[in-house]
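Read off the chains here:
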Amino acid sequence: MTDHSLIVDSTQQPSTLQFAPVFNVAVPFIDRHCTEGRAEKIALRTNQGVEVSYRLLAENVNRCGNALRDLGLERGDRVILIVKDCAEFFYIFWGAIKAGVIPVPVNTLLRAKDYAYILADSGCKALIYSPEYSLEVQSALEQLENLPLCICVEGGKDSLQVLIAQASAELEPVAATADDDCFWLYSSGSTGNPKGAVHRQRDMVVTSQYYAVEILDLSEDDICFSAAKLFFAYGLGNGMTFPLWVGATSVLHDGRPTPQSTFETIEKFKPTLYFGVPTLYAAQLQALATERPDLSTVRLCVSAGEALPADIFNRWREETGLIILDGIGSTEALHIFISNRADDLMPGSSGRAVSGYQLRIIDDSGHEAAPGDPGRLWIRGDSIARCYWKNPEKTAKTMIEGWFDTGDTYFQDEEGYYYYCGRNDDMMKVGGIWCSPFEIEAKLIEHHEVLEVAVIGRADGVGLIKPEAYIVLQNPSAVTESITEELRKHCKEGLAPYKYPRQFHFVDELPKTATGKIQRFRLRTLV
């Protein structure tokens, strides 16, 4: 068998990673566990009662890889996954990689128009989907001229489950290198059509070692539960690559993450690490006013997807005794590249650079910004996507000489902590001074009546930009003139005078992406 070895030297910080000349990443993530004595250990559990050992995982990965080959897929062909969080997601993803096929997980909350675009853009040869998404999938296929092979995960004699059962359990990994293309992830497409970020064989190793091991101290004794789904770069790491990297156990929930479903999952499966997003933590805090779930097995909570306000961090610690490690990542970087640490916390900040990543903050003149001054955040590291598929202009604009322009505005304080100010196009100039919507949102979220908030810039009657707030209240019946004045006063007392919102709008919900990020650009279109 060809050597697909990987040497990790943890005596240095950061660890050094040395890849064999021939390297298929399915070998260290899947195959090695059986040879290292974890064959009968449970690799994943689901809320549907499914348990999969590392031995069964390896067998079904091989079977799925062979099934894809039997369907005629060849090296470099793409297979789209519109698949819920389940064991088959693991089988398809790793089976494809081991067979040389490129898996492309897609957001399961999209609609037919988006699916049709991605199917056409990717040039995929096959589409595998969970039956829950049949209507949207069929509608998407009706919009295409060239149809891919379509396979439903379950149901019928041609389902993926049947194909896996009929395929061979032996599969030699396709010879690749650490720099070869491995899998794609499509961006959310919040400001246009989704973009396919092309990731290499090495990328999951980099994030798993530098973040999961060196920041989270993850080991094979841990149990990971991610409310963020596997189609999302954040969830892909939390719920799949991180536990597989160290031989831990993953807990999968295929339903919508709510305070009740997440609390029930934690009580039933007793995870040691819990991964959420700020919106969910806020909703869970509201639920904790009347519920007392047993969270005693959790040693660490993590947040990403959007910056975590200091108030939510502090209230969560007061209510649960647990800390939340906030950080920032991206689809292009694959996972978190700035993070707080258990022994180095700064509430309200994203923390410090994760080992293995370099950071720059670039001001409007193209120079390094001084401490305290906001600018565009650029990063460099070995998990950055190689390019955007079929989008050379966007690739050239954002991936510059090894650096990636994240599109986020940040500043670094004198102590070295990084603070999120908003997306570059969310920033506003008020009175000639740059103003961060997130700073105003963080102040408003401190108020006991505020559940969620989004702040945008809006031109006033004479064309000058002023902050405007859209607010979801804990108690909708609290909408009165007095609450507006109370919130305005709260901002004026805690922020620089020019930063308080001039207008307050109380809404039932805020527009968000499927990954929980607030879509401020949609609020700017409202009159």
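Preceding this paragraph is the structure being described.
Residues numbered from 1 in each chain as written. Predicted model: local features only at pLDDT ≥ 70, side-chain atom pairs only at ≥ 80, totals over all residues. Heavy atoms only, no water.

K.L.:
For the overall build of the protein chain, give the residues involved together with the corresponding values.
P.N.:
Within the protein chain, the secondary structure is distributed over 15 helices and 28 strands. For the protein chain, the residues scored as buried account for 59% of the 527 residues in total. A fraction of 65% describes how many contacts in the protein chain between residues 6 or more apart in sequence connect residues 24 or more apart. Only carbon and sulfur atoms are counted for the fraction: they give 48% of the accessible area of the protein chain, which is about 21,500 Å². (Helix = DSSP H or I, 4+ residues; strand = E, 2+ residues; numbered from the N terminus. Buried < 20%, exposed > 50% of the residue type's maximum accessible area, 1.4 Å probe, protein only. Contact = heavy atoms within 4.5 Å. Areas by Shrake-Rupley, 256 points an atom, 1.4 Å probe, with all protein chains shown as cover.)

K.L.:
Go over helix H5 (residues 134–141), please, and point to the residues and values.
P.N.:
Taken together, the buried positions of H5 are Val137, Ala140 and Leu141. Taken around the axis of H5, the buried residues stretch over an arc of 100°, which confines them to a single face. Next to the buried residues of H5 lie strand S5 (78–82), helix H4 (112–122), strand S7 (126–129) and strand S8 (149–152). (Arc of directions from axis to C-beta.)

K.L.:
Give a description of the sheet that holds strand S28 (residues 503–506) that names residues and reports values.
P.N.:
Taken in spatial order, the three strands line up as S26-S27-S28 in an open sheet, and their pairing is mixed. Of all strands in the sheet, those bounded by a partner on one side alone are strand S26 (450–459) and S28. On average, each strand axis in the sheet is tilted by 25° relative to the strand beside it, whichever way the strands run. One ladder, built from nine bridges, connects S26 with strand S27 (residues 465–473); its direction is antiparallel. Its bridge partner lying in S27, Ile456 is registered against Glu468. (Pairing = 2+ DSSP bridges. Axes fitted to C-alpha atoms, helices over the stretch in contact; angles between N-to-C directions.)

K.L.:
Describe the pairing of S5, naming the residues involved and giving the relevant values.
P.N.:
Consecutive side chains along a regular strand alternate between the two faces of the sheet. Of all five residues in S5, five are buried, a share of seventy percent or more. Residues Arg78, Ile80 and Ile82 of S5 are buried on one face, and the alternating residues Val79 and Leu81, pointing to the opposite face, are buried as well. Pairing of S5 with strand S6 (residues 102–105), which is carried by four bridges, proceeds in the parallel orientation. Bridge assignment links Leu81 to a residue of S6, and that residue is Pro105. Each parallel crossover has a hand, and the one from S5 via helix H3 (residues 87–99) to S6 is right-handed. (Right-handed = clockwise from strand over helix to strand, strands pointing away.)

K.L.:
Outline the packing of aromatic side chains, listing residues and values.
P.N.:
In total, this model carries 16 aromatic pairs according to the counting rule given. Ring geometry for Trp184 and Trp389: centres 4.6 Å apart, planes at 35°, overall tilted. With Trp184 in strand S9 (residues 181–186) and Trp389 in the loop between strand S20 (387–388) and helix H12 (392–398), this residue pair connects regions lying 205 residues apart in the sequence. Relative accessible area serves as the criterion here: at 24%, Trp389 is assigned to the partly exposed category. (Phe/Tyr/Trp six-rings, centres within 6.5 Å; stacked < 30°, edge-to-face > 60°.)

K.L.:
Tell me about the sheet that holds strand S16 (residues 336–339), and please be specific about residues and values.
P.N.:
An order of S4-S3-S12-S11-S13-S14-S15-S16-S17 is seen for the nine strands of this open sheet, with the pairing classed as mixed. Single-partner strands in this sheet number two, and they are strand S4 (51–53) and strand S17 (352–353). As judged from the three bridges shared by strand S3 (residues 42–46) and S4, these two strands associate in the antiparallel manner. Residue Arg45 lies in a different strand from S4, and its bridge partner there is Glu51. Where helix H2 (residues 54–70) meets the sheet, it contacts S3 and S4, and its direction lies at approximately 85° from that of S4. Against the sheet, H3 touches S3, S4 and strand S12 (249–252), its axis set at about 120° to S12.

K.L.:
Break down the nonpolar core for me, with residues and values.
P.N.:
Counting 150 residues, the largest nonpolar core has Leu57, Trp94, Met204 and Leu444 as the members making the most contacts within it. For this core, the element with the most residues is H3, which contributes nine residues. Sequence-distant contacts of Leu444, defined by excluding residues within four places in its chain, comprise Val450, Val453, Val455, Ala469, Ile471, Leu487, His490, Cys491, Pro501 and Phe504. One finds Ile80, Ala112, Tyr129 and Tyr186 within the second-largest nonpolar core, a separate group that totals 24 residues. (Core = buried A, V, L, I, M, F, W, Y, C linked by side-chain atoms within 4.5 Å.)

K.L.:
Break down the packing of helix H1 (residues 26–35) against H2 for me, with residues and values.
P.N.:
For the pair H1 and H2, interaxial distance at closest approach is 9 Å and the crossing angle is 130°. Taken together, H1 and H2 sit at an angle that is classed as oblique. Seen along the crossing, H1 lies across H2 with a hand that is left-handed. On H2, the residues that touch Ile30, His33 and Cys34 of H1 are Tyr54, Arg55, Leu57, Ala58 and Val61. Counted by class, the contact of H1 with H2 contains six nonpolar, one polar and one charged residues. (Parallel < 35°, antiparallel > 145°, perpendicular 65-115°, else oblique. Left-handed = near helix turned anticlockwise from the far one by under 90°. Nonpolar A, V, L, I, M, F, W, Y, C, P; charged D, E, K, R; others polar.)

K.L.:
For unusual backbone geometry, give the residues involved together with the corresponding values.
P.N.:
Phi is positive for Leu334, close to 85°, though the residue is something other than glycine. By the secondary structure assignment, Leu334 is in the loop between strand S15 (324–329) and S16. The buried category is assigned to Leu334, whose relative accessible area is 4%. A positive phi angle is found at Lys390, which is not glycine, with a value near 50°. Within the element layout of this structure, Lys390 appears in the loop between S20 and H12.

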